[in-house]
Amino acid sequence: MSVRVKIQKFGSKLSSMVIPNLGAFIAWGLLTAVGIAIDNDMLRGFITPMLNYLLPLLIAFAGGKMVYDYRGGVIGTVATIGVIIGSSVTMFIGAMILGPLAAWLLKKFDELIDGKVPMGFELIVNNYSVGILGAILGVIGCVWLGPAISSLTNVFAGGVDFLVQHNLLPLTAILIEPAKPLFLNNAIGQGILTPMGTTQLGELGKSVLFLLESNPGPGMGVLLAYMFFGKGTSKSSAWGASVIHLFGGIHEIYFPFVLMNPVLILPLILGGAVGTLVFTLLNVGLVGVASPGSIISIMLMSSPGDQLKIILGVLAACAVTFLIAIPLVKRAGGGDDSSLKEAAKTMNELKGKKSRISSVFESIETFDFASVTRVAYACDAGIGSSAMGATILQKKFKAAGLDDVTVFHIAVENLPTDCQVVVTQEMLLDRVREAQPEAYAIAVTDFLNAPEYDDLIEKVKAAKGK
C-alpha cells in the first residue's frame, strides 16, 4: 500500500468523525452568527454548551461507532465526557482520540470473553462491560488525558497564533493546495483545520482557519483558465464545473483539470497564499465550518461585518491563480478531448507509478453485466463528488430504460457494500479494489461527463437484452 493511500485512509478516518456531524456544526455556527449579530441572550446561550459538550460528544460517538458499531459509539461518548470535564479547552482532539480508542478497547474485551460468558448472563455482561470500562476511561481521561490534551492543544494554538501574528499563515498553501487534488482535502479540512479552528472561537469568536481549505478562489481560477483558454471537452466541462465548484461547494470538480496539467499546482499555491494573506491582513474569519466549501456557505458562516472582506480574499485568490494559470494552460494546448480522460494516467506517469487505467477493463469478458442492480458511487467523504456523480449516473440509467438499476453514493471508508459495480475517482481506485475486490470497479476523471458512464450503460443494456 502506497504512502498516499495510507494517508488517505488515515485522513478519511479523521474526517469520518466530523463529516456525519456537519449539520450540527452548521446549526451551531448559524446560532452563533445570528446570536452575536442581533445580540440575543437566548441564542448566545446555545454557543458554549454546544461547543464544549454537544459537538465533541457527537464526534466521539461517530468515532466509536466507526470502530465498533453502536456499542463503540456509546463507550466512546462516555469516555470522552471525562476529557471534557478535565480540560480547559474545547475537546475535539480528545474526542477524536478517545472515541475510537475506547471502542477499540471494548472490542478487544468482547473478543477476549467471546464464548466464555455463561448462558443467560450475556445481557448483563454486555451492559456492565460498557459501563465499567467507560467509567474507568472517563476517570482516566479526566485526571490524565484531559490536562495533557489541553496542553497539547495550547501548543498547537500557540503555533497558529505565531503564524497569524507574523503573517506566515499564507505558507500553509504550500501544503494545502497540492494535497487537495490527491484527495486529502477532507483529511485537511475536517480532520485538522476544523478542530484547530474551533479552539480559536472561544477566544476570538471567529477563525481564519475555516477559510484555508474551503476557499473556492484558487480552484475557480483554474476553471476560469480552462473556460477561456481550454479546448474541446476541457473547455466545455469547465463552464458547468465552475458553477458546481463555486455555488455547490464540491471542490473535487476541478481536480481532474489539475491532474491533466500538474504544473497548475504552482498557481494554486500562489493563489491560495494570496487569498490567505488577504484574510489575515483584513482580520476576517468564520464562526463555524463552511461545508461544503460553497461561497454561499462561506457567506452564511462569515463573522458579522466580514462578508465583503472575505469576498475580496476569494477574488484575490481567484485572480492570481487565473493569471498565472493562463500561460500554463496555453502551453499545454488547452487540453484536447482525450486529455481530460487521461488526466489521472498522466499524473501517475509523472509520479513514476504505473497507471491502472487499463486494468479497469480487465474483467469485461468475465463480468456478468446482466446481474447489475446496484451501483455504488464512492468518493473520499461520500457526500461531495459521489453524490453528484450518482445523481447523473442514475438519470442516465433511467433514460436508458434500466429502471431496475439503483445508483447510490458512499464513502470509500464504508465499503464493502451491497453492489455489483463501484464507480470512483482514479486516485481512489486502489482503495476501492482493496475494500471490495469482487466488484466491477470503474475509475473516472471527470464525474460530470465521464464517457465511462455511457460505456457501462451500454454493456448493461446489451447484457439485459434491452
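Residues numbered from 1 in each chain as written. Predicted model: local features only at pLDDT ≥ 70, side-chain atom pairs only at ≥ 80, totals over all residues. Heavy atoms only, no water.

1. Looking at the environment of Ala102
Within the secondary structure, Ala102 is located in helix 4 (residues 92-113). Along the backbone, Ala102 and Thr194 are 92 residues apart, and their C-alpha atoms lie at a distance of 22 Å. Ignoring anything within four residues of it in the chain, the contact list for Ala102 reads Ile75, Gly76, Ala79 and Leu137. (Helix = DSSP H or I, 4+ residues; strand = E, 2+ residues; numbered from the N terminus. Contact = heavy atoms within 4.5 Å.)

2. Quick look at helix 10 (residues 232-248)
Under the 1.5 Å per step criterion, the end-to-end length of helix 10 is 24 Å for 17 residues, consistent within 8% with the ideal 24 Å. Along helix 10, the largest kink reaches about 30 degrees and is centred on Ala238. Looking at helix 10, one finds that the buried residues are Ser234, Ser237, Ala238, Ala241, Ser242, Ile244, His245 and Leu246. Taken from the residues just after helix 10, Gly249 is the one with a positive phi, measuring 80 degrees. (Expected span 1.5 Å × (residues − 1). Bend = angle between axes of the 7 residues up to and from the residue. Buried < 20%, exposed > 50% of the residue type's maximum accessible area, 1.4 Å probe, protein only.)

3. Re helix 3 (residues 41-85)
For helix 3, with 45 residues, the first-to-last C-alpha span of 25 Å runs short of the 66 Å given by 1.5 Å per residue. For helix 3, the principal kink sits at Tyr68 and spans about 145 degrees. A side-chain oxygen of the first residue of helix 3 lies 2.9 Å from the backbone nitrogen of Met42; this N-cap is Asn40. (Polar contact = N/O pair within 3.5 Å; in protein donor to acceptor, adjacent residues only side chain to side chain.)

4. A few points about the confidence of the model for the protein
Per-chain confidence: the protein averages 84 in pLDDT, with 91% of residues scoring 70 or above. In the model, residues 344-365 has pLDDT below 50 throughout and makes 33 contacts with residues more than four positions away in sequence or in other chains. (pLDDT = per-residue confidence, 0-100.)

5. Re the environment of Leu105
Mapped onto the fold, Leu105 is located in helix 4. On the accessibility criterion, Leu105 (28% relative accessible area) is partly exposed. Placed 351 residues apart in sequence, Leu105 and Leu456 show a C-alpha to C-alpha distance of 44 Å. Excluding residues within four positions of it along the chain, Leu105 makes contact with Leu133 and Leu137.

6. Some thoughts on the packing of aromatic side chains
Both the distance between ring centres and the angle between the ring planes are used here to describe each pair of aromatic rings. Applying the stated rule across the entire model yields 8 aromatic pairs. A centroid spacing of 5.8 Å and a plane angle of 65 degrees characterise the contact between Phe228 and Trp239, whose relative ring orientation is edge-to-face. Here Trp239 lies in helix 10 and Phe228 lies in helix 9 (residues 217-229), a separation of 11 residues in the sequence. Taking relative accessible area as the criterion, Phe228 reaches 47% and is therefore assigned partly exposed. Note on Phe369 and Tyr440: the rings are 5.1 Å apart at their centroids and 75 degrees apart in plane angle, and the pair reads as edge-to-face. Of this pair, Phe369 sits in the loop between helix 16 (343-350) and strand 1 (374-379) while Tyr440 is found in strand 4 (residues 440-444), placing the two residues 71 residues apart along the sequence. (Phe/Tyr/Trp six-rings, centres within 6.5 Å; stacked < 30°, edge-to-face > 60°.)

7. Details of the nonpolar core
By size, the foremost hydrophobic cluster in this structure holds 109 residues, and its most contacted members are Val375, Phe397, Val421, Val423 and Tyr453. Among the elements that line this core, the one with the most residues is helix 3, at 10 residues. When residues no more than four places from it in sequence are discounted, the contact partners of Val423 are Val375, Ala376, Tyr377, Ala378, Leu393, Ile442, Val444 and Tyr453. In terms of nonpolar packing, the next biggest core, distinct from the first, is built from 14 residues, Ala378, Ile410, Cys419 and Leu428 among them. (Core = buried A, V, L, I, M, F, W, Y, C linked by side-chain atoms within 4.5 Å.)

8. With respect to the pairing of strand 2 (residues 406-411)
Remember that side chains alternate between the two faces of the sheet whenever the strand is regular. In this structure, strand 1 lies alongside strand 2, joined through 6 bridges in parallel fashion. Opposite Arg374, over in strand 2, you have Thr406 as the bridge partner. With helix 17 (residues 385-399) bridging strand 1 and its parallel neighbour strand 2, the resulting β-α-β unit is right-handed. (Pairing = 2+ DSSP bridges. Right-handed = clockwise from strand over helix to strand, strands pointing away.)

9. Structural notes on the side chain of Thr280
As for its placement among the helices and strands, Thr280 is situated in helix 12 (residues 265-281). Beyond its immediate stretch of four places on either side in the chain, Thr280 contacts Asn167 and Leu169.

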